[in-house]
Amino acid sequence: MNASLTPGQTKVDSVKLLIDGQWVESKTTEWRDVVNPATQQVLARVPFATAEEVDAAIAAGQRAFKTWRDTPIGARMRIMLKLQALIREHSKRIAVTLSAEQGKTIADAEGDIFRGLEVVEHACSIGTLQMGEFAENVAGGVDTYTLRQPIGVCAGITPFNFPAMIPLWMFPMAIVCGNTFVLKPSEQDPLSTMMLVELALEAGVPAGVLNVVHGGKQVVDALCTHTDIKAISFVGSTEVGTHVYNLAGQHGKRVQSMMGAKNHAVVLPDANRTQTLNALVGAGFGAAGQRCMATSVAVLVGKAREWLPELKALAAKLKVNAGSEPGTDVGPLISKRAKERVLGLIESGIKEGATLELDGRDVQVPGYEQGNFVGPTLFSGVTTDMQIYTQEIFGPVLVVLEVDTLDEAIALVNRNPFGNGTGLFTQSGAAARKFQSEIDVGQVGINIPIPVPVPFFSFTGSRGSKLGDLGPYGKQVVQFYTQTKTVTARWFDDDSVNDGVNTTISLR
Ligand code: NAD
């Protein structure tokens, strides 16, 4: 099976579609290589599925929904229990493939899988998560209660940067609620996602309940416009996410779009200096800056300006190498195209007058000369009109701005169009409380650089980083993947009851 490819394997297999429980070789003529970004080795080729194949996957989901929706909650839950055990068992093996196709370090790949595994663990408590409400005697002998019912075939479209975590944000919660699912993984690194899908089948997910199609815009648009798809969960760039939100919304679907970011870390001079600098460097350059929650802007407040040389010295120590090599801090970017884009933005920063404190453009990685590497890059003297500030760079580039007060820092963060994550570094409880109250960003860290919530909460981006009311995973996603039905009921145990005709709206 293609999904168990490992780096070093010479035969290039095709990635399969999963339709109605069958691994299907696509009949498409359009294929794309899955490439190791450190070596350019072709690991596999991925099909861009045909319209008929997308229709077949949705039809399989529609058929399976008829029985899956009525499968007892305990049976669904036990599949998730099995799935979490299987993911735990195979985590190290999947991490090797994930690192090979995505570029991140093995430890970070294991983290990617673990953060998804936590969602599967949460799915195991669906028995209480999907409970409705009950009010007795809302009128004489009348009770009202709610049912949380699955909605049908749902679809998920995922980005390249978390090929384990983000698919696991989606399909486990969707199917454990009684829905069926069509997953469209990133075409850039679908192999580790497919390993997780294999485990889902092994755990007992029945045929048609989970289907997978591969491709790009055409496949995504087909999912967004198909009558039988009821909900779309999208994670990716703001440009594509806005398109998906609008298109699927126009076709009457529930949509949640989790999108791009520009995450500010605000540093007050009273912060724990060592911990803060460690956090800025880790969150700024880890995963080569390819995290939606990466710290991409450091806002040094007042005397914290003086920390810039230390920040630079710490960033310069990071080791750039292939993710598979021990001791690597910063791996390659996902593609040559991504590298060109990042280099172009660094050029723009220089041209627009920012000071290039640390230049990662010419980094050499012996043994991996073809890799898409960019080393840690640090700019100071950045202003809010520069492209390196206005655009999501999605590379190992940290830009530093300076302000005099916390109020100015809050205003700066709130003026940025994105609202995914932010952090405040301080020892002052009062400053932290003010920040969390006034900042208009979905996820706030207090002395925590990457505040991705654990799955009993939900991921909560705002403004330009998110469209749709409900977030992925947590309690919110149970609402997203279910329809609430309200039942108002009265029972008679005496045939002689006769209230007479009531022409008013009130219950008695
Ligand atoms: P992307 O938007 O390029 O791709 C995401 C998905 O959309 C992929 O499956 C891709 O095949 C598909 N797609 C690409 N172009 C399309 C088009 N024109 N029409 C329809 N579908 C299309 O994103 P990416 O580069 O894979 O991922 C990086 C982006 O994702 C960054 O912007 C990052 O901030 C964001 N992201 C956000 C979150 C979050 O939770 N907010 C999490 C992870 C990543």
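What you see is a predicted model; the values in this text were computed from it and never measured. (Residues numbered from 1 in each chain as written. Predicted model: local features only at pLDDT ≥ 70, side-chain atom pairs only at ≥ 80, totals over all residues. Heavy atoms only, no water.)

(A) Spotlight on the UniProt feature "domain: Aldehyde dehydrogenase" (unreviewed entry) in the protein chain. With numbering aligned to this structure, UniProt lists the feature "domain: Aldehyde dehydrogenase" (unreviewed entry) at residues 23-487. Regarding residues 23-487, the helix share stands at 40% and the strand share at 22%, and the terminal C-alpha atoms are separated by 42 Å. (UniProt positions renumbered as here; feature names shortened; annotations may be inferred. Helix = DSSP H or I, 4+ residues; strand = E, 2+ residues; numbered from the N terminus.)

(B) Geometry of the pattern of salt bridges. Within the structure shown, the criterion is met by 22 salt bridges. A salt bridge links glutamate 187 to arginine 32; the shortest N-O distance between them is 4.0 Å. Here arginine 32 lies in strand E4 (residues 31-35) and glutamate 187 lies in the loop between strand E9 (180-184) and helix H6 (191-203), a separation of 155 residues in the sequence. Among the residues examined, glutamate 187 registers a relative accessible area of 18% and is labelled buried. Judged by its relative accessible area of 31%, arginine 32 is partly exposed. We note a salt bridge from lysine 312 to glutamate 357, for which the minimum N-O separation is 3.6 Å. On the criterion of sequence distance, the pair formed by lysine 312 in helix H10 (residues 308-316) and glutamate 357 in strand E15 (residues 355-358) is long-range, its members being 45 residues apart. A single network of salt bridges, built from pairs that share partners, joins Arg32, Lys184 and Glu187. (Salt bridge = Lys/Arg side-chain N within 4 Å of Asp/Glu carboxyl O. Buried < 20%, exposed > 50% of the residue type's maximum accessible area, 1.4 Å probe, protein only.)

(C) Looking closely at the sheet that holds strand E16 (residues 377-380). An order of E15-E16-E17-E14-E13-E19-E20 is seen for the seven strands of this open sheet, with the pairing classed as mixed. Edge strands, defined here as strands with exactly one partner in the open sheet, are E15 and strand E20 (443-446). The mean inter-strand angle of the sheet, taken between neighbouring strand axes irrespective of direction, is 25 degrees. Pairing geometry for E15 and E16, over three bridges, is antiparallel. When the bridges of E16 are listed, leucine 356 appears paired with phenylalanine 379. Packing of helix H9 (residues 273-285) onto the sheet brings it into contact with strand E13 (263-267), strand E14 (295-301), E16, strand E17 (397-403) and strand E19 (421-425), and relative to E14 it is tilted by some 155 degrees. Where H10 meets the sheet, it contacts E14, E15, E16 and E17, and its direction lies at approximately 50 degrees from that of E15. (Pairing = 2+ DSSP bridges. Axes fitted to C-alpha atoms, helices over the stretch in contact; angles between N-to-C directions. Contact = heavy atoms within 4.5 Å.)

(D) Summary view of the side chain of glutamate 53. Mapped onto the elements of the fold, glutamate 53 is located in helix H1 (residues 51-68). Among buried charged residues, glutamate 53 stands out as having no salt bridge; its nearest opposite-charge side chain is lysine 27, 5.8 Å away. Residues within four places of glutamate 53 in sequence aside, it is in contact with Leu17, Ile19, Glu25, Ser26, Lys27, Thr28 and Val213. (Lys, Arg positive; Asp, Glu negative; His and termini not counted.)

(E) A look at the sheet that holds E4. Taken in spatial order, the three strands line up as E1-E5-E4 in an open sheet, and their pairing is mixed. Both outer strands of the open sheet, strand E1 (13-14) and E4, are each paired with one neighbouring strand and no more. Pairing of E1 with strand E5 (residues 42-47), which is carried by two bridges, proceeds in the parallel orientation. Looking at the pairing, aspartate 13 lines up with alanine 44 of E5.

(F) Summary view of the packing of helix H2 (residues 73-102) against helix H5 (residues 165-176). The interhelical angle for the contact between H2 and H5, taken along N-to-C directions, is 155 degrees, at an axis separation of 9 Å. Between H2 and H5, the interaxial angle falls into the category roughly antiparallel. Between H2, through Arg76, Met77, Met80, Leu83 and Ile87, and H5, the contact on the second element is made entirely by Leu168, Phe171, Pro172, Ile175 and Val176. Here the contact of H2 with H5 is built from residues that sort into nine nonpolar, no polar and one charged. (Parallel < 35°, antiparallel > 145°, perpendicular 65-115°, else oblique. Nonpolar A, V, L, I, M, F, W, Y, C, P; charged D, E, K, R; others polar.)

(G) Highlighting the packing of H2 against helix H3 (residues 106-123). Interaxial distance between H2 and H3 falls to 9 Å at its minimum, and their mutual angle equals 170 degrees. In terms of their interaxial angle, H2 and H3 are classed as roughly antiparallel. Partitioning the contact of H2 with H3 into residue classes produces 14 nonpolar, three polar and five charged.

(H) Quick peek at H2. Taking 1.5 Å of rise per residue, 30 residues should cover 44 Å, yet H2 covers just 36 Å from first to last C-alpha, more than 12% shy of that figure. At serine 91, H2 shows its maximal bend, which comes to roughly 60 degrees. Count one or two residues on from H2 and you reach glycine 103, which has phi positive near 105 degrees. (Expected span 1.5 Å × (residues − 1). Bend = angle between axes of the 7 residues up to and from the residue.)

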